[in-house]
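# Observations on chain architecture
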Amino acid sequence: MTPALPLGGHCLCGDVRFEIRGAPGPAGACHCESCRRWSGTYWSSVNIAQSDLVLTSGEASLAWYPSSEHAERGFCLLCGSSLFWRLSAADSERVAVAIGALDLPTGLDLSAHIFTGEAGDTYEVPQGAPHHEGFPQ
Ligand SMILES: [Zn+2]
Ligand SMILES: [Zn+2]
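Attention in this report is confined to the structure presented alongside it. All of these numbers come straight from a predicted model, not from anything done at the bench.

Moving on: the sheet that holds strand S1 (residues 7–10). Overall, antiparallel pairing links the 3 strands, which are arranged S1-S2-S5 in an open sheet. The open sheet has two edge strands, S1 and strand S5 (53–57), and neither has a second partner. Each strand of the sheet is rotated relative to its neighbour by a mean of 25 degrees, with strand direction disregarded. The pairing of S1 with strand S2 (residues 17–20) spans 4 bridges and is antiparallel. Directly across from Gly9, in S2, lies its bridge partner Phe18.

The following block contains the structure:
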């Protein structure tokens, strides 16, 4: 499938709203411990250029949490929705956007399940896309 642009999305309370205005890169599901704890199970996202992500409302409600030495996670201060992940380097040009926050239909297909070696023990990693124990090389 091919997403129709712009692809809109918002947090649970609707204060943080955004649009993806350029062709998205790969979509994937991450089963790492950080994503597991942050999302509740595993976190599915689509990788896009930061310049293609346009906030249309709620800029004051969007906070970034430094979840590791190299990455940070964007969430809504009002409702807690897990929205974005990006490398914290100032020159980082990509951002991962939560697929669950997107309006339907997304037109996206998952291309990979990553860090399946850290997956939770209450679900099976879905079939239909390749599994990678860690980050694909
Ligand atoms: Zn919210
Ligand atoms: Zn992860």
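Right, picking up where we left off after that structure.
Let us look at the coordination of the zinc ion (ligand 1). At this site the zinc ion (ligand 1) is bound by Cys11 (SG), Cys13 (SG), Cys76 (SG) and Cys79 (SG), with donor distances of 2.3 to 2.4 Å. Here the zinc ion (ligand 1) is ringed by 4 donor atoms whose angles at the metal span 104 to 114 degrees, and the overall shape comes out tetrahedral. Site description for the zinc ion (ligand 1): donor spacing in sequence, C-x1-C-x62-C-x2-C. For Cys13, a relative accessible area of 42% gives the class partly exposed.

Moving on, we come to the coordination of the zinc ion (ligand 2). Taken together, Cys30 (SG), Cys32 (SG) and Cys35 (SG) make up the protein donors of the zinc ion (ligand 2), found 2.1 to 2.3 Å from the metal. Here Cys30 falls in the buried class, since its relative accessible area comes to 11%.

As a further point, take the pattern of salt bridges. Summed over all chains, the structure comprises 3 salt bridges. Among the ionic pairs, Glu33 bridges to Arg37, the shortest N-O distance being 2.8 Å. Of this pair, Glu33 and Arg37 both sit in helix H1 (residues 33–39), 4 residues apart, which is roughly one turn of that helix. Glu33 sits in the partly exposed class, given a relative accessible area of 36%. We classify Arg37 as exposed; its relative accessible area is 63%. Close ionic contact of Arg86 with Glu72 constitutes a salt bridge, the shortest N to O distance being 2.6 Å. Pair noted here: Arg86 is in strand S8 (residues 82–87) and Glu72 is in strand S7 (residues 71–76), with a separation of 14 residues, a long-range link.

Once that is clear, we can look at the side chain of Arg73. Here Arg73 shows up in strand S7. For the buried Arg73, which has no salt bridge, the nearest side chain bearing the opposite charge is Glu118, at an N-O separation of 8.8 Å. Looking at Arg73, its side chain comes within polar contact range of the side chain of Ser67, at 3.0 Å. In this view, Arg73 contacts Cys32, Ser34, Cys35, Trp38, Ala63, Trp64, Tyr65, Ser67, Phe84 and Trp85; residues no more than four positions away in its chain are not counted.

The strand order across the open sheet built from 7 strands is S6-S7-S8-S9-S4-S3-S10, with neighbouring strands paired in mixed fashion. Each edge of the open sheet carries a strand with a single partner, namely strand S6 (62–66) and strand S10 (110–114). On average, adjacent strands in this sheet sit at an angle of 30 degrees to one another, irrespective of strand direction. Bridge analysis of strand S3 (residues 27–30) against S10 gives 4 bridges, and the strand direction is parallel. Across the sheet, Ala27 pairs through a bridge with Leu110, a residue of S10.

Another point: the nonpolar core. One finds Val46, Leu83, Phe84, Val97 and Leu102 to be the most contacted residues of the largest nonpolar core, which totals 28 residues. Listed by contribution, the elements that provide at least two residues to this core are S2, S3, H1, strand S4 (43–49), S8, strand S9 (94–98) and S10. If one sorts the elements of this core by residue count, S9 sits on top with 4 residues. Every residue in contact with Val97, bar those within four places of it in the chain, is listed here: Phe18, Ile20, Trp43, Ser44, Ser45, Val46, Ile48, Leu53, Leu83, Phe84 and Leu102.

The rules behind each value
- Residues numbered from 1 in each chain as written.
- Chains lettered and ligands numbered in written order.
- Predicted model: local features only at pLDDT ≥ 70, side-chain atom pairs only at ≥ 80, totals over all residues.
- Heavy atoms only, no water.
- Pairing = 2+ DSSP bridges.
- Helix = DSSP H or I, 4+ residues; strand = E, 2+ residues; numbered from the N terminus.
- Axes fitted to C-alpha atoms, helices over the stretch in contact; angles between N-to-C directions.
- Donors = N, O, S within 2.8 Å, 3.2 Å for Na, K, Ca; no water.
- Tetrahedral: all angles 85-135°; square planar, octahedral: opposite > 155°, others 65-115°.
- Buried < 20%, exposed > 50% of the residue type's maximum accessible area, 1.4 Å probe, protein only.
- Salt bridge = Lys/Arg side-chain N within 4 Å of Asp/Glu carboxyl O.
- Lys, Arg positive; Asp, Glu negative; His and termini not counted.
- Polar contact = N/O pair within 3.5 Å; in protein donor to acceptor, adjacent residues only side chain to side chain.
- Contact = heavy atoms within 4.5 Å.
- Core = buried A, V, L, I, M, F, W, Y, C linked by side-chain atoms within 4.5 Å.

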